[in-house]
Number of protein chains: 2
Amino acid sequence: MADKKNKKRALDDEDEDPQHVPFKKRLKPDQSILKTLQTLTKSVQSDSSSSNSKTLTLSDLSLSSSCREVSDLDLSDVQSSIERLAIRAAFSILSNQGFAYDVPLRTSANQLYVPELDRIVLKDKTSSRPFASLSTVRKTTITARILQLVHQLCLKSIHVTKRDLFYTDVKLFQDQAQSDAVLDDVACMIGCTRSNLNVVAAEKGVVVGRLVFSDNGDMIDCTKMGMGGKAIPPNIDRVGDMTSDALFILLVEKDAAYMRLAEDRFYNRFPCIIVTAKGQPDVATRLFLRKMKMELKLPVLALVDSDPYGLKILSVYGCGSKNMSYDSANLTTPDIKWLGVRPSDLDKYKIPEQCRLPMSEQDIKTGKDLLEEDFVKKNPGWVEELSLMVKTKQKAEIQALSTFGFQYLSEVYLPLKLQEQDWL
Amino acid sequence: MADKKNKKRALDDEDEDPQHVPFKKRLKPDQSILKTLQTLTKSVQSDSSSSNSKTLTLSDLSLSSSCREVSDLDLSDVQSSIERLAIRAAFSILSNQGFAYDVPLRTSANQLYVPELDRIVLKDKTSSRPFASLSTVRKTTITARILQLVHQLCLKSIHVTKRDLFYTDVKLFQDQAQSDAVLDDVACMIGCTRSNLNVVAAEKGVVVGRLVFSDNGDMIDCTKMGMGGKAIPPNIDRVGDMTSDALFILLVEKDAAYMRLAEDRFYNRFPCIIVTAKGQPDVATRLFLRKMKMELKLPVLALVDSDPYGLKILSVYGCGSKNMSYDSANLTTPDIKWLGVRPSDLDKYKIPEQCRLPMSEQDIKTGKDLLEEDFVKKNPGWVEELSLMVKTKQKAEIQALSTFGFQYLSEVYLPLKLQEQDWL
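Residues numbered from 1 in each chain as written. Chains lettered and ligands numbered in written order. Predicted model: local features only at pLDDT ≥ 70, side-chain atom pairs only at ≥ 80, totals over all residues. Heavy atoms only, no water.

Colleague: I tried to follow the packing of aromatic side chains on my own but got confused; where do I start?
Modeller: The geometry of an aromatic ring pair is captured by two quantities: the separation of the ring centres and the angle between the planes. A complete count under the given rule lists 16 aromatic pairs over all chains for this structure. Within the aromatic cluster, the residues linked to one another by ring pairs are Phe23, Tyr349 and Tyr413 of chain A. (Phe/Tyr/Trp six-rings, centres within 6.5 Å; stacked < 30°, edge-to-face > 60°.)

Colleague: Could you clarify how one ought to interpret the interface of chain A and chain B in this entry?
Modeller: Reports of interface size often rely on the accessible area that becomes lost once the parts have come together. Contacts between the two partners involve 63 residues from chain A, matched on the other side by 63 residues from chain B. Around 5,300 Å² of area is buried between chain A and chain B when both sides are counted, 50% of it from carbon and sulfur atoms. The largest share of the area that chain A buries against chain B comes from Tyr167, Gln354 and Phe406 of chain A, three residues that together contribute 14% of it. At the surface where chain A touches chain B, the tally comes to 4 salt bridges. A salt bridge links Glu263 of chain A to Arg238 of chain B, with the nearest nitrogen and oxygen atoms 3.1 Å apart. Scanning the region where chain A abuts chain B turns up 24 residue pairs in polar contact (both at pLDDT 80 or more). Elements represented by at least two residues in the side of chain A that touches chain B include exactly helix H5 (137-156), strand S6 (160-161), helix H6 (162-167), helix H7 (170-173), strand S10 (218-221), strand S11 (230-231) and helix H9 (255-263) of chain A. In the side of chain A that touches chain B, the residues fall into 25 nonpolar, 16 polar and 22 charged. (Contact = heavy atoms within 4.5 Å. Buried area = accessible area lost by both parts, 1.4 Å probe. Salt bridge = Lys/Arg side-chain N within 4 Å of Asp/Glu carboxyl O. Polar contact = N/O pair within 3.5 Å; in protein donor to acceptor, adjacent residues only side chain to side chain. Helix = DSSP H or I, 4+ residues; strand = E, 2+ residues; numbered from the N terminus. Nonpolar A, V, L, I, M, F, W, Y, C, P; charged D, E, K, R; others polar.)

Colleague: What should I look at first to understand the relation of the copies chain A and chain B in this one?
Modeller: For the pair chain A and chain B, the best superposition has an RMSD of 0.0 Å and corresponds to a rotation of 180° with a translation of 0.0 Å parallel to the axis. The operation mapping one copy onto its partner corresponds to a two-fold rotation axis. Counting the interface residues of chain A, we find that 100% of their copies in chain B are interface residues as well, pointing to one common contact surface. (Least-squares fit on C-alpha atoms with pLDDT ≥ 70 in both.)

Colleague: Got a minute to help me understand the pattern of salt bridges in this structure?
Modeller: Side chains bearing opposite charge may pair, as long as their charged atoms lie close to each other. All names here are of chain A. Summed over all chains, the structure comprises 56 salt bridges over all chains. Arg260 is the salt-bridge partner of Glu263, the closest N and O atoms lying 2.7 Å from each other. Here Glu263 pairs with Arg260, and both are found in helix H9, just 3 residues apart, close to one helical turn. Each of the two residues, Glu263 as well as Arg260, counts as buried. Salt bridges here are not isolated pairs; linked through shared partners, they connect Arg26, Arg342, Asp345, Lys348, Glu385, Lys417, Glu420 and Asp422. (Buried < 20%, exposed > 50% of the residue type's maximum accessible area, 1.4 Å probe, protein only.)

Colleague: Can you help me understand the sheet that holds strand S3 (residues 111-114) of chain A in this one?
Modeller: Pairing between the strands of a sheet comes from backbone hydrogen bonds, and it takes one of two forms, parallel or antiparallel. Residue and element names in this part refer to chain A. Strand order in the open sheet made by the 3 strands is S1-S4-S3, with antiparallel pairing throughout. Looking at which strands have only one partner, the edges of the open sheet turn out to be strand S1 (67-68) and S3. Where S1 meets strand S4 (residues 119-123), 2 bridges bridge the pair, whose relative direction is antiparallel. Bridge pairing links Arg68 to Leu122 in S4. (Pairing = 2+ DSSP bridges.)

Colleague: Teacher, can you tell me more about helix H18 (residues 408-419) of chain B here?
Modeller: Helical geometry note: an α-helix holds 3.6 residues per turn, so side chains three or four residues apart project in the same direction. Residues and elements named next belong to chain B. Compared with the 16 Å implied by 1.5 Å per residue over 12 residues, the 15 Å span of H18 between its first and last C-alpha is a close match. In terms of residue burial, H18 counts as a mostly covered element, since 11 of its 12 residues are buried. Residues of H18 that are buried: Tyr408, Leu409, Ser410, Val412, Tyr413, Leu414, Pro415, Leu416, Lys417, Leu418 and Gln419. Of the residues flanking the end of H18, it is Gln421, one or two places downstream, whose phi is positive at about 50°. (Expected span 1.5 Å × (residues − 1).)

Colleague: Looking at this structure, how should I read the packing of helix H15 (residues 361-371) of chain A against helix H17 (residues 380-392) of chain A?
Modeller: Helix-helix packing is described using two parameters, namely the angle between the two axes and the distance between the axes. Residues and elements named next belong to chain A. Two elements in contact, H15 and H17, have axes separated by 10 Å at closest approach and are oriented at 155°. As far as their axial angle goes, H17 and H15 are roughly antiparallel. As for how H15 packs across H17, the hand of that crossing is left-handed. Contacts between H15 and H17 involve Ile364, Gly367, Lys368, Leu370 and Leu371 from the first element and Val383, Leu386, Ser387 and Val390 from the second. For the contact of H15 with H17, a count of residues per class yields 6 nonpolar, 2 polar and 1 charged. (Axes fitted to C-alpha atoms, helices over the stretch in contact; angles between N-to-C directions. Parallel < 35°, antiparallel > 145°, perpendicular 65-115°, else oblique. Left-handed = near helix turned anticlockwise from the far one by under 90°.)

Colleague: Can you walk me through unusual backbone geometry in this structure?
Modeller: Most peptide bonds adopt trans geometry, and most residues besides glycine take a negative phi value. Of note, the bond from Gly340 of chain A into Val341 of chain A is cis; its omega dihedral lies within 30 degrees of zero at -10°. Along the polypeptide, Val341 of chain A turns up in the loop between strand S16 (336-340) and helix H14 (343-348). Of note in the backbone geometry, Asn198 of chain B takes a positive phi value of approximately 65° without being a glycine. The residue Asn198 of chain B is located in the loop between helix H8 (176-190) and strand S7 (199-200) in this model. Its relative accessible area of 3% is what places Asn198 of chain B among the buried residues.

Colleague: Please clarify how the pairing of S16 of chain A should be interpreted in this entry.
Modeller: Residues and elements named next belong to chain A. Most of S16 is tucked away: 4 of the 5 residues are buried. Direction of pairing for strand S15 (residues 300-303) relative to S16: parallel, over a ladder of 4 bridges. Directly across from Val300, in S16, lies its bridge partner Ile336.

Written as structure tokens, this is what we have:
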């Protein structure tokens, strides 16, 4: 009977779990946390106004291997590039030499992590794609077709998705992976970003909080977007006029955490912009985040799951993905801070055993692989955290914090993190 | 050489494919198409104002088997229902009888399609879930835990996702499918909708066009949402004050088609509200669509892929999914018209062979199964279209229309469909 009573009490106490009361007590008044944040914001803004490493470009570095980077081109530049490629092919055919495209190699052997820039770039190897060869005739035909379709988009000045592009010639492309891959080749050949080709990915991301911007001419106030937030537009070139009184950008991996913060209007307590791609970062969200960081000069704090994929997602925002390394300058956001949930938080915040999950063999392998990556190695704090994860073989999602109450994330965990400047 | 010339000419003509010119020519001035639409809108509005079949509820019908339906309950009603369940369990335990929950059966044997209502409803069979039984002790424990968690949500008046709920007790729930299933059980037990439990799904849908509504107190004008559109809020109970000067709602299956219409501001040429769930309809988008239809009394025209899944998606919006049949009254939108892309459109609009895809064995099976469903059978036009699909064994995505030019959808196909009132 005594035992039963104890059990009963334990249930009653759940709302005020004694394990996390100490954390709540450690919270200082918001005003003092805001001062901490103001210092952070100011340091980021003075960093970017002085001409320091942030303005470094590839050409400033004397690298042993030369690298290729694309630039942000106008639609008319893209159009004339395609026309030049077509004329060159025509001349080559008329002089009885057939034709071939020179296509930049996008394999990992042709990629390089540049620590000074903190991103992955593409080296300058290319391969020839001749029409008159059994092994490349198909790919050459696809390349010519994609060039022609992108040329149409330039003339009409409209945006389409990769899926639209695929559907213009299903029998030739066979599956979308083939037209998608050649699309990236074409961007490299022209030397522009994929967005410059007016081919955009389906939108996934949402943004809410202290941000005003224009989308295709309409002014959007993201403090007035209710709980749903504003869908991040697929075409960054129609986004502009960003203004904000936020102190930082909070980059959130998951939809659920985003929703919690949006419903609690966290951005009113701590002025910030909250953004999420709902999982894997898509190109539109990466471009949008970079644009915010560059125009508003705000620190970016990331809230991801405590697992290898959380860190991987952080690295894609920060240093780029291998697949799109030719465009890393436009897609990556430098200097993202890892706020949480970090492997060391699991013990620090006393996340109960039952909310931690054992890492699978694959998880552990991914974690170990990440430890070998340059962008992790250059941040000793990250190495320490990741090593701890691999050692304990435990992972946890952001939602694990819900075990202390559904609003623990917005009312205790994040405010305390900010107060203690606990980011890496 | 003559052959080569012909090929060259074919490429040049592609922008003005002679095959689709006749369709462009058939288009009347927009003003005349708008008149057609006004007639449609008026007929829908007079239908819903007269007390006809639309206001039918389950209790109006004398069905042979009695049915169970949930109603839209206040948070305080949900709270007191849970308290009553807890007290009943406590009394039962104190009188030495252990305790059990009576849980409505949600299997397909307990489901019924009601043609008068045009939706799937749940019959009233329940099963007992006793704590003192090896086979049900786990599920009973999970049920008690979910009831307790939902009670917390009621007290705090906040929304969480199914994922948050799962994470409050990973070791008990083991995987999310288990807590999700019991969550639906709990909604049935209480007799409310899942949204009433303040547990919402991650948001997926977006809306753009001639609609103004409030989201959590913020007024949103969907004509001023640029190309990205407004993310549909996860919690419908904070959505209200809908006004619109649209003539119809255009329900779009896919993101790519939505993007095309948003970029071209199709809603300014033909006043409408454009909405998509980006594939499978989620609960938030279904609730939002229903709310629009009910409050604005507008016709709903659906643009889906010409494959069995397109029709299936249409049916989920229209008649509900089997999984959520207990809540079909709140989740379904009556009288959705199948605008396109319909199997007969493939030949009618001369979609070239290369843009059609062969149906897989699974596709054909799904198509044949759909032909047996009551909600298809009651619409002879749908039966005819679906039979044609199964017979020709061909499918096509909305994007297939891109073969005539990327803007063929917004500039020719849809206007012509509207002009000819070509919906079923």
